[in-house]
Protein chains: 4
Amino acid sequence: MKKLRDYGITIGKLSPGPRNQITDISGVTVGHSTIKDGSIQTGVTVILPHQGDIYNKKVVGACHIINGYSKPKGAVQVQELGSIEAPILLTNSLSIGAVWDGIIDHMLENNEEIGTSAGAVNPVIAECNDSFLNDIRGRHVKRHHVSEALADGKEDFGEGNFGAGTGMTAFGLKGGIGSSSRVVEFDDRHYTIGSLVLTNFGRLEDLMIDGRKIGAWINEKQEEKDEEHPRDLQNQFSETKGSVVIVLATDAPLTDRQLERLSKRATVGLARTGAELAHKSGDLVIAFSTKNLITHAGTEVTETVERFEEDMLDRMFIGAIEAVEESVINSLITAEKTVGRDGHYRESLKDYIEDYLSQQQ
Amino acid sequence: MKKLRDYGITIGKLSPGPRNQITDISGVTVGHSTIKDGSIQTGVTVILPHQGDIYNKKVVGACHIINGYSKPKGAVQVQELGSIEAPILLTNSLSIGAVWDGIIDHMLENNEEIGTSAGAVNPVIAECNDSFLNDIRGRHVKRHHVSEALADGKEDFGEGNFGAGTGMTAFGLKGGIGSSSRVVEFDDRHYTIGSLVLTNFGRLEDLMIDGRKIGAWINEKQEEKDEEHPRDLQNQFSETKGSVVIVLATDAPLTDRQLERLSKRATVGLARTGAELAHKSGDLVIAFSTKNLITHAGTEVTETVERFEEDMLDRMFIGAIEAVEESVINSLITAEKTVGRDGHYRESLKDYIEDYLSQQQ
Amino acid sequence: MKKLRDYGITIGKLSPGPRNQITDISGVTVGHSTIKDGSIQTGVTVILPHQGDIYNKKVVGACHIINGYSKPKGAVQVQELGSIEAPILLTNSLSIGAVWDGIIDHMLENNEEIGTSAGAVNPVIAECNDSFLNDIRGRHVKRHHVSEALADGKEDFGEGNFGAGTGMTAFGLKGGIGSSSRVVEFDDRHYTIGSLVLTNFGRLEDLMIDGRKIGAWINEKQEEKDEEHPRDLQNQFSETKGSVVIVLATDAPLTDRQLERLSKRATVGLARTGAELAHKSGDLVIAFSTKNLITHAGTEVTETVERFEEDMLDRMFIGAIEAVEESVINSLITAEKTVGRDGHYRESLKDYIEDYLSQQQ
Amino acid sequence: MKKLRDYGITIGKLSPGPRNQITDISGVTVGHSTIKDGSIQTGVTVILPHQGDIYNKKVVGACHIINGYSKPKGAVQVQELGSIEAPILLTNSLSIGAVWDGIIDHMLENNEEIGTSAGAVNPVIAECNDSFLNDIRGRHVKRHHVSEALADGKEDFGEGNFGAGTGMTAFGLKGGIGSSSRVVEFDDRHYTIGSLVLTNFGRLEDLMIDGRKIGAWINEKQEEKDEEHPRDLQNQFSETKGSVVIVLATDAPLTDRQLERLSKRATVGLARTGAELAHKSGDLVIAFSTKNLITHAGTEVTETVERFEEDMLDRMFIGAIEAVEESVINSLITAEKTVGRDGHYRESLKDYIEDYLSQQQ
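Residues numbered from 1 in each chain as written. Chains lettered and ligands numbered in written order. Predicted model: local features only at pLDDT ≥ 70, side-chain atom pairs only at ≥ 80, totals over all residues. Heavy atoms only, no water.

Q: I'd like a description of the overall build of chain A, backed by residues and values.
A: In terms of helices and strands, chain A carries eight helices and 15 strands. Relative to the compact-globule value of 21 Å for 361 residues, chain A shows a C-alpha radius of gyration of 20 Å, a close match. The dimensions of chain A, computed from C-alpha atoms along their principal axes, are 70 × 50 × 35 Å. Looking at the 361 residues of chain A, the share that counts as buried comes to 71%. Across chain A, the centroid of the 38 positively charged side chains sits 2 Å from that of the 54 negatively charged ones. (Helix = DSSP H or I, 4+ residues; strand = E, 2+ residues; numbered from the N terminus. Rg over C-alpha atoms; globule rule 2.2 N^0.38 Å. Buried < 20%, exposed > 50% of the residue type's maximum accessible area, 1.4 Å probe, protein only. Lys, Arg positive; Asp, Glu negative; His and termini not counted. Charge placed at Lys NZ, Arg CZ, Asp CG, Glu CD.)

Q: Hey, could you go over the pattern of salt bridges for me, with residue numbers and the actual values?
A: Scanning the entire structure with this criterion turns up 107 salt bridges over all chains. Here E276 of chain D and K13 of chain A are joined by a salt bridge, their closest N and O atoms 3.7 Å apart. Taken together, the positions of E276 of chain D in the loop between α6 (266–271) and β12 (281–295) and K13 of chain A in the segment before β1 (29–37) put the pair across two chains. The structure contains a network of salt bridges with shared partners spanning E80 and D256 of chain A together with R257, R261 and E310 of chain C. (Salt bridge = Lys/Arg side-chain N within 4 Å of Asp/Glu carboxyl O.)

Q: Can you explain the relation of the copies chain B and chain A? Please cite residues and give values.
A: With an RMSD of 0.0 Å, the fit of chain B onto chain A corresponds to turning through 180 degrees and sliding 0.0 Å along the axis. Read as a symmetry element, the transformation amounts to a two-fold axis. Of every C-alpha in chain B, the one belonging to G97 of chain B sits nearest the axis of rotation, 2.0 Å from it. Take the interface residues of chain B: 100% of them recur as interface residues in chain A, which is what a same-surface contact looks like. (Least-squares fit on C-alpha atoms with pLDDT ≥ 70 in both. Contact = heavy atoms within 4.5 Å.)

Q: Could you give an account of the relation of the copies chain D and chain B, naming the residues involved and the relevant values?
A: After a rotation of 180 degrees and a shift along the axis of 0.0 Å, chain D superposes on chain B with an RMSD of 0.0 Å. Both copies contact each other with a shared surface, as 100% of the interface residues of chain D are interface residues in chain B too.

Q: Can you lay out unusual backbone geometry for me, pointing to particular residues and giving the numbers?
A: Within the chain, D210 of chain B stands out as a residue other than glycine whose phi angle is a positive 50 degrees. By secondary structure assignment, the location of D210 of chain B is in the loop between β10 (189–200) and α4 (214–225). Note on D210 of chain B: relative accessible area 18%, which makes it buried. The residue N292 of chain C is not glycine, and still its phi comes out positive at about 55 degrees. Mapped onto the elements of the fold, N292 of chain C is located in strand β12 (residues 281–295).

Q: Before we move on, can you summarise the sheet that holds β10 of chain B with the specific residues and values?
A: Residues and elements named next belong to chain B. Reading across from one edge, β4-β3-β12-β11-β10-β9 is the order of the six strands in this open sheet, with mixed pairing throughout. Of all strands in the sheet, those with a lone pairing partner are β4 (83–84) and β9 (177–186), marking the two edges. Note: β10 against strand β11 (residues 242–250), eight bridges, orientation antiparallel. Paired with N200 across the bridge in β11 is S243. Contacts from helix α7 (residues 313–333) reach β9, β10 and β11, with the element oriented near 155 degrees to β9. (Pairing = 2+ DSSP bridges. Axes fitted to C-alpha atoms, helices over the stretch in contact; angles between N-to-C directions.)

Q: How would you summarise the interface of chain B and chain A if you had to cite specific residues and measurements?
A: Listed per partner, the contact involves 45 residues of chain B and 45 residues of chain A. Area buried by chain B at its contact with chain A is led by V76, R137 and R139 of chain B, which between them contribute 18% of it. Here D101 of chain A ties to R139 of chain B by a salt bridge, and the two come within 3.1 Å at their closest N and O atoms. At the boundary of chain B with chain A, the tally comes to 20 residue pairs in polar contact (both at pLDDT 80 or more). For the side of chain B that touches chain A, the leading source of residues is helix α2 (residues 96–110) of chain B, giving eight residues. For the side of chain B that touches chain A, the per-class residue count stands at 17 nonpolar, 16 polar and twelve charged. (Buried area = accessible area lost by both parts, 1.4 Å probe. Polar contact = N/O pair within 3.5 Å; in protein donor to acceptor, adjacent residues only side chain to side chain. Nonpolar A, V, L, I, M, F, W, Y, C, P; charged D, E, K, R; others polar.)

Q: Can you tell me about the packing of aromatic side chains, naming the residues and giving the values?
A: Scanning all chains against the criterion turns up 20 aromatic pairs over all chains. Between Y191 of chain C and F308 of chain C the ring centres are 5.9 Å apart and the planes differ by 65 degrees, which places this aromatic pair in the edge-to-face class. Here Y191 of chain C, found in strand β10 (residues 189–200), pairs with F308 of chain C, found in strand β13 (residues 302–308); they are 117 residues apart in sequence, far enough to count as distant. The rings of F186, Y191 and F308 of chain A are connected pair by pair, giving a single aromatic cluster. If you follow K58 of chain A out to its NZ or CZ, it ends over the ring of Y55 of chain A, 4.3 Å from the centre. Positioned above the aromatic ring of F317 of chain B is the side chain of R265 of chain B, whose terminal nitrogen or guanidinium carbon lies 3.9 Å from the ring centre. (Phe/Tyr/Trp six-rings, centres within 6.5 Å; stacked < 30°, edge-to-face > 60°. Lys NZ or Arg CZ within 6 Å of the ring centre and 35° of its normal.)

Q: Which residues make up the sheet that holds strand β5 (residues 88–92) of chain C, and what values do they have?
A: Residue and element names in this part refer to chain C. Taken together, four strands build an open sheet; the order of strands is β1-β2-β5-β6 and the sheet is mixed. Among the strands making up the open sheet, the edge pair consists of β1 (29–37) and β6 (124–128). When the angles between neighbouring strand axes are averaged without regard to direction, this sheet yields 15 degrees. In terms of strand pairing, strand β2 (residues 40–48) meets β5 through three bridges, oriented antiparallel. Bridge pairing in β5 places V46 opposite L89. Sitting on the sheet, helix α2 (residues 96–110) is in contact with β2, β5 and β6, with an inclination near 150 degrees to β5.

Q: Tell me about the interface of chain D and chain B, and please be specific about residues and values.
A: Between chain D and chain B, the residue contacts involve 34 residues of the former and 34 residues of the latter. Overall, the association of chain D and chain B removes approximately 2,900 Å² of surface from exposure, summing both partners, and the carbon and sulfur fraction of that is 43%. Ranking the residues of chain D by area buried against chain B places V301, R307 and E309 of chain D at the top, with a combined share of 29%. One can count six salt bridges joining chain D with chain B. For E303 of chain B, the salt bridge is made with R307 of chain D, and the minimal N-O distance between the two is 3.3 Å.

Q: Summarise the environment of M208 of chain D; cite the residues concerned and give the values.
A: Position of M208 of chain D among the secondary structure elements: in the loop between β10 (189–200) and α4 (214–225). Distance from M208 of chain D to A275 of chain D, taken between C-alpha atoms, is 9.1 Å for residues 67 residues apart in sequence. Setting aside residues no more than four positions away along its own chain, M208 of chain D makes contact with R272 of chain A together with K213, A271, R272, T273, G274 and I329 of chain D.

Q: Account for the environment of E336 of chain C, with residues named and values stated.
A: Residues and elements named next belong to chain C. Within the secondary structure, E336 is located in the loop between α7 (313–333) and β14 (338–339). The class for E336 is partly exposed, based on a relative accessible area of 42%. Sequence spacing of E336 and S93 is 243 residues, and the spatial spacing of their C-alpha atoms is 22 Å. Discounting residues that sit within four places of it in the chain, E336 has contacts with N161, K174, S348 and K350.

Q: Requested: an account of the environment of A75 of chain D, with residues and values cited.
A: Structurally, A75 of chain D can be placed in helix α1 (residues 75–81). When near neighbours in sequence (up to four residues on either side) are disregarded, A75 of chain D contacts V76 of chain C together with C63 of chain D.

Q: How would you summarise the packing of helix α2 (residues 96–110) of chain A against helix α3 (residues 143–151) of chain A if you had to cite specific residues and measurements?
A: Residues and elements named next belong to chain A. It is at 7 Å that the axes of α2 and α3 come closest, and there the two elements cross at 60 degrees. For the element pair α2 / α3, the angle class is oblique. Judged by the twist between their axes, the crossing of α2 over α3 is right-handed. Contacts between α2 and α3 involve A98, V99, D101, G102, I103, D105 and H106 on the former and, on the latter, R143, V146 and L150. (Parallel < 35°, antiparallel > 145°, perpendicular 65-115°, else oblique. Left-handed = near helix turned anticlockwise from the far one by under 90°.)

Q: So, the pairing of β9 of chain B: which residues are in play, and what are the values?
A: Residues and elements named next belong to chain B. Burial of β9 is extensive: nine of the ten residues sit out of reach of the surface. Relative to β10, β9 is paired through ten bridges, and the arrangement is antiparallel. Looking across to β10, one finds that I177 is bridged to L198.

And the structure:
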């Protein structure tokens, strides 16, 4: 898997962690269930905030809605309580029911107290609409795909056409799963911020890589190849059905409010790739910290935690911005050209990037 | 079905509509699927904002979170777009997946453009946790129950132990579905506001009816009957797992922002029944207007609509407050004593109200 | 000063602190500058969260907007940062400029770093419109009144017609400043919640005291006295220009998010006194905790703090509800009958309460 | 006044209006009061949404908080009511009191009903901290400067060091007032979107113009000139006290919610200039439409208005993004090198841009 840095391009000033993935945050794993068969191009991706009993040791969390043309499950409770108590799941827009049932199967099996002594559970599920490449009406995601994704959880996970990313389109190219991370240093310590994105938004002519307008260049190349289907100016305003989901993780002891502030900076990273937060693009950020876990139904009135000093947040913000920007490009550059439903297809950025860079010199 | 007014008690100053139900708003219907069998006490309730193609003629809508310890589906998009494009569904907290799949079945069948030319769809589903009376872990709600509830849709619908209300508990008594309405008059016209609630919150000792502390009185009666299980002072702070969902409908041409302001007044109605917005009570309001429908993928840039004057809102607010307060009491007084899971049972307010009123005189 | 409890009425189940004022929270003081001369009936009230350098030792804070027909200063930054860094001030709606200048005088004098090395400062100022009794257009509040109010700061402060409360009207009676507190006990410790309100809202016929409809009773009495000015039914919907500001303080180590959740419960206390959250009533809650102070421009990356367990919040919520309900009634019952601008006058609840209670028996 | 386009650089795909200023929206004017004398470098800028009685004919409005380290006045009521009823004012962070008093003088003089029959008034005032160049503690803005700014109102207004922009710093260079506009075309009509910004944020090394990293280039040039004061790597994280205020105007009949959605896209424009939404940067958007004016205390229950179709918003969003991006660069490129308080100085982008562009070729 060749990522953006393998082409000699770095984003920003901060250094990534050893994997340059969200799993650089200790304890975080990612699993995919990829469903791929002709007109079926879809799947499920699961992010585990830590490897223990998440329901009984919740992570501090936040959910920020950039643009709410989106059908997430679980956002309301995360915003109220500032915590996440179940794995985070990504899938297509019509499979939320199956994924909900799949994760409830898992939670009920692992936590017998749910629905008896302990109340219900609030899984977080986010979606993008992969109907351009995928037969989304067929609802090919089943609840067992959640188990598959959970079983696949690991630190070294695939990007591009994997899991929920299988059928996604971004900037008129093949999109999907992308990830990156940043190490933020202070005098006596350092923290890591990781980002995982599911990209399904944007118009080709807007795509930028670190300020380079590569999308306009690819657009011209495609038009040359494709003279019988000229894209007129009007077309540039064509409806961009789409969405992007961004998951941010950190081992810094941020509070829920601080995580929400961090989440808002994701928009800056997005904007620098050419995002325009289109009307129909459901753009959502879910963030968590692996520090200061919250006990379910604890019996202590108070507990001692570390609080991150508000005035130290700027470096964390920069880390989030850079990681998101690089994750979006990674989702494109790791993706494979894909033919799906009704012969619809999406080319891959990787089939253009080298030509583009060589002609830039 | 004997409601609060049938016991000679009226709430507030405004008059209800002819049915004193949310269906006093023309076009609105309510249907139930009731699942009832020993330890299974649950179901689905569906509210149709109008009788046409809701996806293509969306209603102006709002969603207000009073307390977000709640797992609704669809709130985010309603808040972003100010519209509702599918039936509104109520069920138990672990059946959101099944209900989601059921309503998606229905929408895909009726709207072939969904997932092909038209993007996805955003059903609104809200839940309360009926696990005290119902075997919620058994997930007895299936997708076909959504069809049943849809088929049952009518103007003259049942309150109390029906549909999603079948297994609910409120103020330590049997809760469930309740409804009421108010007519708001202006010089030259009138509008109607309707409310439907799903109650599953509150502590018995807090219950008030129009200022009367009937809950404390019932509590004493129950303690007399039940001396072997005295409830000590500590108990009054016992965890109130619960929730309440409130649906408001009106034929006044309110904008989404005005509907949100209306929704916030629901808290006043709740408070007057003894609600304390407990930490674990997911309290949610969904509101819509049947005027100024919104065309999906319309081709006009602008359209002409009626806008309700902001300074005329106060009467609408009072209507919402009164309708919510009365709906909550109706949900209790129409409910039947119920024995459910593990012999758990809830008594009915109707078995106390006459004694209470007679000793008050 | 005779308060509600002195008439034998208690609100709720929890006990108040020793003073039954917001100053039961250690370190909190309140000062007034009262401006009273015929048609001038106004003033300034200041709440100090603690007696040290608030700018350099900020309190954790929150600001909740119940109804935003309101002109507060400072809310935006409190919501972003979750902290309050200056005294909290209350005044009339057209005197925010003078009060702002007065508190800036004070802050610049005491904190030389402001505007040089340390950035600006964010005072929190809230207002109600006292124009019924006060010549508000005359803008009689001057910046020196802020110094006066600051100099007056003490634990044992006046309620009713004091400071910002001098010219306020509530429920058609004389309103103003009211306060109350509650002690919340846990096995091994207790915390205190205090409330201070500035009341200027509500219609007489809606006033309730602990469920008793005293407002309707007073309304009848007034109509009997005042037959030449009958109030017809329509009048009950007359525009209620008004507002209420609620300040909550606690010594429990709540986070900003938890303080916001606490603030939302103030609506319940309000609702039980007859509030209807009228369209034109600017209803606002400001809350702070005196624990876990935040150092301005601290040099540590993290610090250790106590975090209040989410699941222990319910008792705190009940404390806030009860304290707010009782504070509102205290603001009425401590106020004196007042004649102000253009002969406008407001009677006092205290001139009705004893008759009302005696005829109730 | 030479603006970005005069150097041959255009931003985006849409065309600006005839002035390329916010005053391309018919009825909008801008006035400045500039206070400039050695260590005093500050002022007031006023935007009039239309030339009539704004209090009695309010504009539909919205206020979006990008980052709330900010002290605006008036945001809360704009968010609640979706309207703006007074001129919009910009000034420095410690002069809000004087500007408040100045605009209240004006409103009371012009609207005798305020504070008697008509309630109070909600001016909108936003600020940035100009203390690097300006003696902000001296509070040199007086209430008469508001009258001056109002008297100066015109369509063809100054950018750069004018009014509130006089002492502002952006990207380590001289910032201030900038403006731009875009025309959005539909088949049968067109609308205009205008933007006015007050820039006081950002780090030099982050400045980008349409993807070009000019900030890093200027940074190097400055370091060469300034070897005795090397800026080390650490410095790049130095605290960025700052802020940006963005005012958006349109003649499209957007609702308040649609204006809020539009406002959120301003972040994209900002991000593309190098903004990082720093912790201490108070970033705020105020938006209004000049269509569908709202009558104060109207007597009709409803009125007929034009509603902009939600699905047509994308072009408006693109217009806002482009106008904001170009406005920020205009604020820099029109500004003059300025020496202020304590010999602090800021250079102008215009003294670098031509060299930069020539070496790029």
